[in-house]
Each structure stands twice: as structure tokens, then as C-alpha cells.
Amino acid sequence: MANQDYEERQQTQELGYDPNFVPDSVKSFVVHLYRHIREKNVYEIHQMYESSFQTLSERLFKDTPWPSVDAVAHYVDNDHVFCLLYREMWFRHLYARLTPTLRQRIDSWDNYCSLFQVVLHGVVNMQLPNQWLWDMVDEFVYQFQSFCQYRAKMKNKTEQEIALLRQFDQAWNVYGVLNFLQALVEKSTIIQILEQEKEGLEQFTATDGYDYNGGSNVLKVLGYFSMVGLLRVHCLLGDYHTGIKCLLPIDISQQGVYTSVIGSHITTIYHYGFANLMLRRYVEAIREFNKILLYIFKTKQYHQKSPQYEQILKKNEQMYALLAICLSLCPQTRLVDETVNSQLREKYGEKMARMQRYDDEAFAIYDELFSYACPKFITPSAPSFEEPLVNYNQDAYRLQLKLFLYEAKQQQLLSGVRTFLKVYSTISLAKLASYMEVDEPTLRTILMTYKHKTHAVDSDGKITSNADVDFYIDEDTIHVVESKPAKRYGDYFLRQIVKLEGVINEMDGIKLD
Amino acid sequence: MGREREATKVAYTVEQLVAFNRYNPDILPDLENYVNDQVSSQTYSLDANLCLLRLYQFEPEKMSSQIVARILVKALMAMPAPDFSLCLFLIPERVQMEEQFKTLIVLSHYLETGRFRQFWDEAAKSRHIVEAVPGFEQAIQGYAVHVLSLTYQKIPRTVLAEAINIEGLSLDKFLEHQVANSGWVIEKSQGRGQLIVLPRNEFNDPALKKNAADSVPLEHITRIFPILS
């Protein structure tokens, strides 16, 4: 075994990459994977997908691609769908470890088109692990984003690359990407399925999306994850309102299929929270960031060996940065769990104190945290191929950053007001104006800004207060209202009722001999 | 935003396009016409307008500055909703540098920071942009009244006058209307002219603040329906 391993490595590494050379372990891998897929053995598929593929990649294909699909096809009856799946993994591995060429980017796009066409036309009868289906959607959006970034760097493109870009202008076209995701959502009827599930007419969440009646879960679950994919694409485009709308059919106040895969869970909440931050719904963002950060804190040890572990840690750090931003603009620390709060203080305590000052240094920190934690924004339109060629890969990011900092600047006087409001129960406008060193009309505008900025408007036009310290003005006197944490007994009892019912059902299910 | 009138036949089809065919470049002309419809019929659809801005983002060469300006004015009229920012997020920076957009961004800044005096002064200088959209003044006055109602229980007449840019007899008339329809009350304060008592709401009166502990949203209760039945 050791000997064979050595030989395989010799061949793949020292003799250079031969796309037609299939080591025995790869042959065995595809043969088994193919068999498990045909037998719908989700457990074994998952094992091979999650661990064997990683182990082999690590061992044999550290810095070369896997054998070409043509070289393995005859081991798997030249099965069309299996070959598409194999190529999807082949490209994913290539993107993760090497730098794809333009040609490869275009080929990968073609492969996604063929794969999704097959799924959309209902020819697929497989049962695939959620992890794999999530990875497909995730990778599809990632490669789109990566393509946009690549295309936007026009300055050092070769003539040949430009010719290819012109020729294959449909590859990773934004309409194509959005329409595939949308088609998966529609064709899977996932929105209706989730609706019906609420009425108890259908099971989806309860079985984690799997179909135990011999059907396929592929279209349904791809459709489900495509809603998360759409949220992400819209965030990359700066369209936060539409992004949140795309996610609406998934109730993120509860567990669901999106929480069954850690990557999907994190991607969902990261983008949902970010969109809410940009929509100034800070309390909503804080609440969701808090929940997921606590979850990651408690569970990250179980993911240490997962190929996604690094990604989990990175998103974890980014979300702490976003939480620091939210809490600086909207100090609602009581929404934050003790554990999360102490992590936050450790990472950003000092920066958050400086952000409260709203001087130039504070804005530099807002800039730094935003730039570190924001999604990789894209410009979706094709470049101008006219000379001189210019890079525009930073344009989208710069615009979002600028608008965010603009918002932070509009709020710069609010933390000063808050400090004063905290120490008075009533104070006259004249007195507060002199403390703040402004005239009375200016103070009135600051107070109105405070009210406007602390009252979020949701998509139905409903107003909610995000203020920890609130006030009202009666003629010339400000009356301060400190909000007290509301205890949610109702929700607590509801949860307990559901839990109890679950326990009773379980007990009923036990047959005593 | 609650201001929408009943959907006309045309509006219905455009809304459908946005719902079912939103990633299709062919609906661009329909959406542009729909912006003009919204202007003339004083209706509003954020979803349709964002959809159009998105199509412009995908194909910048098709962008019409005039349409974008109208969308932005409509978005200002939707304050306190964050629609104006939502639109700006989708408009390339070099386009935002155009003079008319710079003006609109300044107007938005004044509204966002409660500086109504400066807002009305600036708006007066840019009549050609804002007067192209009927109902602009009333919509901004509506926003001003909204922010004032969040902030004040009682407000001096002069402060109100400045925020909504109405004075003298017209203001008397406006107040008369609000007294009759919206529960406003006018008081005399000692030596300082009129004082307007605004209706109490949960934001300017802590006593009316709904106790979150007492209210459970219906969809949470529906979770136990199967158990109850």
C-alpha cells in the first residue's frame, strides 16, 4: 500500500501532470462513488464526498488538477450525469488550489449550464447529500463573483484573453447566473413546498430535504439553496432590499435545511445581517449576528477537520467586525450574549471605544472594519474593450464603502446626544444646547436626526424603535425614556409547549413489550 | 408605501413582470414607462424601480439619466423609508457625479439629518428637478410631520412652520385640517404664540409603548396550532 502510494505520487508529481493518468485510488474512488450514487446510499456518498475526496486531493493532487473526466468516464459507464458531477468537483478543486485560466472558467460555466439543465429537466433521480448540493450553489456563485473580479482587471489582459472574452460573452453573464438560480427556485416549487409545510401538508424540513419515498432530493434542495444564492448575488450587486426578499420564504427565526449545512447557515446569516446593516435595521442585524456567533463559538470544535474550517473562522471574524459596526451605530449590548460580548470586547473593544468618538480616526476604523468584513462586491456589466483598458474591479466596493461612511457621518453627532440623555431624566433644550455647544435650532435638528436614525422602517412600512435611550420633547423640555429589557414570557411558553409535545410524541412512539 | 392607489391594469402587468420575469432585459422599456406612470398617477413601486436600476446596472449603456432622476425623487418622497440609499447603492459613482444627482443627494442629506430649513431652501433652487414630480411637497411635508411626531408631544408653531415650510394663513388652514382630521390640538403658550399638541403615539409617549412581553406574533402562535387541535 505504502509502495503503491509512493508510485502514484511519483507519477503525478514528478512526471508533471498527465490528465489521462488515472491512479488506482482514483479509479476506485469514482467506481465506488458511482455505485453509491446509483444505489442512493446517501451516507456513503457523503463519506466519500467529504472525506475521501479531500484525502485524495491532499495526497495526490495538492497542486495539480484531478485526472480529466474523459480519462475516468469509462470506469463509470460514461454516465452523463456522473461525468457532469465529476467535472463540477474537478473545477471546484482547481479553483481552490490553482488559478483557473479564462478557458477553464468558460468551461466550468458550460459544465454548470449542462448540469443545471439536466436537473431542471427532471432527468435526475439521484439522492445527494445536502452538503454537496449546497457546495454546488455556493461554488456557482463564487465562480461568478470570481469571474467578475477577473474580467474587471482589464489592464493586463492579453489580446488572446480579450478575444475569448468577446467571443464567449455569455459565459458567467449576470442574466444567465440569476436566471439559473431563479429557474431552480421556480422549477423546484420550493416556495410552495415550504408554504404547504406550514400547513402540515408536506414534509421538507423534517426530513432535511431528503426524499425517503424513492424520489430525488436534487432539484428541491438545489432550489432551496438557490434562494440563499440569490440573496448572496443581490448583496454582491448592492441590492439589499431584493436580496432579503429572495430569502423571505425561509423562516430564519427557526432551524431549517439552511442550518443543516454549516456553510449554508453562515452564508445565509452573514448576508442577511449585512443587508440589514445597510438598510439601517441594526437591531435585526445584531440579533442574527449574535445568534450565529454564539452557535459557531459552541460548535466550531466539531468542524476542525472539515475542509470548510478556515472559511468558517474567516466568516466568524468578519461577523464580529460587522457586529462591532452595528453596536457602534446602535448600542444595544443587551441583545448580545455574554460569551459573544466578551469575544467582541477582546477583538474590538478598543476599536469600538474609538469609533464612539466620531473623529477622523474613528471614520478610519469604520472604513477598516467595513472593508475587512464586507462581501466582495462586483460590477456585473461587461467591460469596454476600447483602449485604453482600465481596471474597474474596485468600483463596486468603493461605492458601497463611500455610501456606508456617508451614513456613519450622518450619525456622528448622535453618540454625543446619547451620552447626555443617559445622565438626565429631564433637561431643557437650552441647557443641552449649551452643553453640546450648538444653538437651539441645530440641537432640534440633531434630536430629530436621532429619532429618524433610531427608528427603522421595514419593507411593509412598519416603524420599530432601535433606540436604547429614547426621549420626547414637550415644548422646550426633553424627557428621557430608558428602555427596559422586555421579558418574552409568551415565546418562552410557546417553545416549552412545542418541546413538551415532542417529548410526549416520543414517549407514545416507544413500544413496550 | 401605503400611498399606492389601486393598481391600474397597466400597473398590474408591470408588477407581474417584476415578480415573474425580473431578470429579463426585455422588460426595460416597460419599467421605464412605469416610472413615468408613477410620476403622473402619484403611485409608487420600489420593487419595480429597483428592478429597473438593476437592469441599468447590467447594461449601463441603456441608462436614462432622466428616468434615474425621477426614481430618485420618488425615493425621496418615500422617506422615512431608506429607499433613496437603496437606489444609490445601484447607481455607479460616475453617474452620481452628474449635477442633478448631486443636488438630489444634498437634498436627501438634509432630510436624513432633520435640516428642513436648508432642505426647503435648496429645493427652491432646484425647482426644475422636483417640480417635475407631482405631490413632492406634500410627501416631504408628510415626512416632516412623521419625524416631528416621533420627537415632540408639544411643538412651538414656529418650529413646525419651518419644518413643513408653510406659514401665515396657509399654516392656519393646514392646522385647521389637522385638528379636524388627525387629532391635533392648538394651545396658547405664555407669551410665545401657539403651541401645537401632536397626537400621542408609542414613539413620543412611553406610556403607549407596547409592552413587547405581552404581544406574541401570530406566526409564533401558529406553531402550536397542530398541538391545540
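Cut-offs applied
Residues numbered from 1 in each chain as written. Chains lettered and ligands numbered in written order. Predicted model: local features only at pLDDT ≥ 70, side-chain atom pairs only at ≥ 80, totals over all residues. Heavy atoms only, no water. UniProt positions renumbered as here; feature names shortened; annotations may be inferred. Helix = DSSP H or I, 4+ residues; strand = E, 2+ residues; numbered from the N terminus. Buried < 20%, exposed > 50% of the residue type's maximum accessible area, 1.4 Å probe, protein only. Contact = heavy atoms within 4.5 Å. Areas by Shrake-Rupley, 256 points an atom, 1.4 Å probe, with all protein chains shown as cover. Lys, Arg positive; Asp, Glu negative; His and termini not counted. Charge placed at Lys NZ, Arg CZ, Asp CG, Glu CD. Domains from an automatic or database assignment. Buried area = accessible area lost by both parts, 1.4 Å probe. Salt bridge = Lys/Arg side-chain N within 4 Å of Asp/Glu carboxyl O. Polar contact = N/O pair within 3.5 Å; in protein donor to acceptor, adjacent residues only side chain to side chain. Pairing = 2+ DSSP bridges. Arc of directions from axis to C-beta. Axes fitted to C-alpha atoms, helices over the stretch in contact; angles between N-to-C directions. Core = buried A, V, L, I, M, F, W, Y, C linked by side-chain atoms within 4.5 Å. Patch = residues over 30% accessible without salt bridge, like charges linked within 9 Å, V, L, I, M, F, W, Y side chains within 5 Å. pLDDT = per-residue confidence, 0-100. Parallel < 35°, antiparallel > 145°, perpendicular 65-115°, else oblique. Nonpolar A, V, L, I, M, F, W, Y, C, P; charged D, E, K, R; others polar. Phe/Tyr/Trp six-rings, centres within 6.5 Å; stacked < 30°, edge-to-face > 60°. Lys NZ or Arg CZ within 6 Å of the ring centre and 35° of its normal.

As annotated in an unreviewed UniProt entry, chain B carries the name Eukaryotic translation initiation factor 3 subunit K and is attributed to Vigna unguiculata. Word for word, the UniProt comment on chain B under Subcellular location (unreviewed entry) is "Cytoplasm". What UniProt records for chain B under Sequence similarities (unreviewed entry) is the sentence "Belongs to the eIF-3 subunit K family."

As named in an unreviewed UniProt entry, chain A is Eukaryotic translation initiation factor 3 subunit L, taken from Vigna unguiculata. Listed in UniProt under the heading Subcellular location (unreviewed entry), the comment for chain A reads: "Cytoplasm". Within the UniProt record for chain A, the comment given under Subunit (unreviewed entry) is "Component of the eukaryotic translation initiation factor 3 (eIF-3) complex."

What to know about the overall build of chain A
Summing up its helical and strand segments, chain A has 22 helices and five strands in all. C-alpha atoms of chain A, sized along the principal axes, occupy 85 × 80 × 45 Å. By the burial criterion, 55% of the 513 residues in chain A qualify as buried. Counting contacts in chain A only where the partners sit at least 6 residues apart, residues at least 24 apart contribute 72% of the total. For chain A, the exposed surface amounts to about 23,500 Å²; the carbon and sulfur share of it is 51%. Distance between charge centroids for chain A: 3 Å, based on 54 positive and 65 negative side chains.

A closer look at the domain arrangement of chain A
When the parts of a complex come together, some accessible area is lost, and that lost area is often taken as the interface size. When the domains of chain A are assigned, the result is domain 1 (100–405), domain 2 (424–481) and domain 3 (484–512). On a C-alpha basis, the centroid separation for the pair domain 1 of chain A and domain 3 of chain A is 33 Å.

So, the interface of chain B and chain A
In this assembly, 62 residues from chain B lie in contact with 60 residues from chain A. When chain B packs against chain A, close to 5,500 Å² is buried across both sides, 61% of that on carbon and sulfur atoms. Ranking the residues of chain B by area buried against chain A places Tyr23, Phe58 and Phe89 of chain B at the top, with a combined share of 15%. Counting the contacts that link chain B with chain A gives five salt bridges. In this structure, the salt-bridge partner of arginine 280 of chain A is glutamate 112 of chain B, at a minimum N-O distance of 3.1 Å. The tally of links between chain B and chain A comes to 21 residue pairs in polar contact (both at pLDDT 80 or more). Breaking the side of chain B that touches chain A down by element, the ones donating at least two residues are helix H3 (46–58), helix H5 (83–88), helix H6 (93–96), helix H7 (99–112), helix H10 (136–151), strand E1 (152–156) and helix H13 (218–221) of chain B.

Some details on unusual backbone geometry
With omega at 10°, the peptide bond leading from methionine 79 of chain B into proline 80 of chain B counts as cis. Mapped onto the elements, proline 80 of chain B comes out in the loop between helix H4 (65–77) and H5. Of note, the phi angle at asparagine 78 of chain A is positive, near 50°, even though the residue is not glycine. Inspection of the secondary structure assignment puts asparagine 78 of chain A in the loop between helix H4 (69–73) and helix H5 (80–97).

Looking at the pairing of strand E5 (residues 477–482) of chain A
All names here are of chain A. Bridging between strand E1 (residues 426–428) and E5 involves three bridges; their strand directions are antiparallel. Counterpart to isoleucine 427 in the pairing with E5 is isoleucine 478. Alignment of strand E4 (residues 469–474) against E5, held across six bridges, turns out to be antiparallel. For aspartate 470, the partnering residue across the bridge sits in E5 and is valine 481. The hairpin formed by E4 and E5 contains two residues between the paired strands, and glutamate 475 there has a positive phi angle of roughly 60°.

Some remarks on helix H10 (residues 190–198) of chain A
Residues and elements named next belong to chain A. Of the residues making up H10, those classed as buried are Ile190, Ile193, Leu194 and Glu197. Buried positions in H10, seen along its axis, are confined to an arc of 95° and lie on one side of it. Residues of H10 that are buried in the fold lie against helix H9 (174–187) and helix H11 (218–237). Just downstream of H10, glycine 200 is the residue with a positive phi angle, here 80°.

Observations concerning the side chain of histidine 234 of chain A
Note that histidine 234 of chain A resides in helix H11. Residues in contact with histidine 234 of chain A, not counting those within four places in the same chain, are Leu178, Asp239, Thr242, Gly243 and Cys246 of chain A together with Tyr23 and Arg54 of chain B.

A short note on the sheet that holds E4 of chain A
Spatial ordering of the open sheet is given by E1(A)-E5(A)-E4(A)-E1(B)-E3(B)-E2(B), a layout of six strands whose pairing is mixed. Where the open sheet ends on each side, the last strands, each with one partner, are E1 of chain A together with strand E2 (185–188) of chain B. In this sheet, neighbouring strand axes are inclined to one another by 30° on average, regardless of whether the strands run parallel or antiparallel. The sheet contact formed by E4 of chain A and E1 of chain B spans two bridges and is parallel. Looking across to E1 of chain B, one finds that aspartate 474 of chain A is bridged to lysine 154 of chain B. The strands touched by H10 of chain B within the sheet are E4 of chain A together with E1 of chain B, with E1 of chain B carrying the most contacts at an inclination of about 115°.

Remarks on the nonpolar core
Judged by nonpolar contacts, the single largest core of 244 residues is most densely connected at Leu128, Trp132, Tyr224 and Ile325 of chain A. Top contributing element to this core by residue count: H11 of chain A, with 13 residues. Contact partners of tyrosine 224 of chain A, with chain neighbours within four places excluded, come to Ile190, Leu194, Phe204, Ile250, Gly256, Val257 and Tyr258 of chain A. Val457 and Ile463 of chain A together with Leu150 and Phe203 of chain B belong to the second largest nonpolar core, which has five residues in total.

Focus on a nonpolar patch on the surface
Residues and elements named next belong to chain A. Residues Tyr489, Tyr492, Phe493 and Ile497 make up a contiguous nonpolar surface patch of roughly 440 Å² in combined accessible area. Its place among the elements puts isoleucine 497 in helix H22 (residues 489–509). A relative accessible area of 36% places isoleucine 497 in the partly exposed class.

Observations regarding the environment of glutamine 16 of chain B
All names here are of chain B. By the secondary structure assignment, glutamine 16 is in helix H1 (residues 9–20). Using a relative accessible area of 33% as the deciding quantity, one classes glutamine 16 as partly exposed. Remark: the alpha-carbon pair of glutamine 16 and alanine 48, spanning 32 residues in sequence, is separated by 9.8 Å.

A few points about the pattern of salt bridges
Any two side chains of opposite charge can pair, on the condition that their charged atoms come close. Under the counting rule described, the total for this entry stands at 37 salt bridges over all chains. Residue arginine 232 of chain A pairs with aspartate 138 of chain A through a salt bridge whose shortest N-O separation is 2.7 Å. Of this pair, arginine 232 of chain A sits in helix H11 while aspartate 138 of chain A sits in helix H7 (residues 130–152), and the two are 94 residues apart along the sequence. Salt-bridge contacts for glutamate 122 of chain B lead to lysine 125 of chain B; the nearest nitrogen and oxygen are separated by 3.5 Å. Of this pair, glutamate 122 of chain B and lysine 125 of chain B are both found in helix H8 (residues 116–125), three residues apart, which corresponds to roughly one turn of the helix. Using a relative accessible area of 61% as the deciding quantity, one classes lysine 125 of chain B as exposed.

Comments concerning the confidence of the model for chain A
Chain-level statistics for chain A give a pLDDT mean of 88 and a share of 96% at 70 or above. Mean pLDDT per element in chain A: helix H1 (residues 2–14) of chain A is the minimum at 52, and helix H13 (residues 262–278) of chain A is the maximum at 95.

What to know about the packing of H10 of chain B against helix H11 (residues 157–164) of chain B
Residue and element names in this part refer to chain B. Look at H10 against H11: their axes get within 9 Å of each other, and the N-to-C directions meet at 140°. Taken together, the axis directions place H10 and H11 in an arrangement best described as oblique. Along its contact with H10, which presents Gln141, Ala144, Val145 and Leu148, the element H11 presents Leu160, Ala163 and Ile164. Partitioned by chemical class, the residues of the contact of H10 with H11 number six nonpolar, one polar and no charged.

A look at the packing of aromatic side chains
A complete count under the given rule lists 38 aromatic pairs over all chains for this structure. Each residue in the set Tyr240, Phe274, Phe363, Tyr366, Phe370, Phe377 and Phe404 of chain A together with Phe89 of chain B is aromatic and connected to the rest through ring pairs, giving one cluster. The ring of phenylalanine 471 of chain A is capped by lysine 451 of chain A, whose NZ or CZ atom sits 5.1 Å from the centre of that ring.

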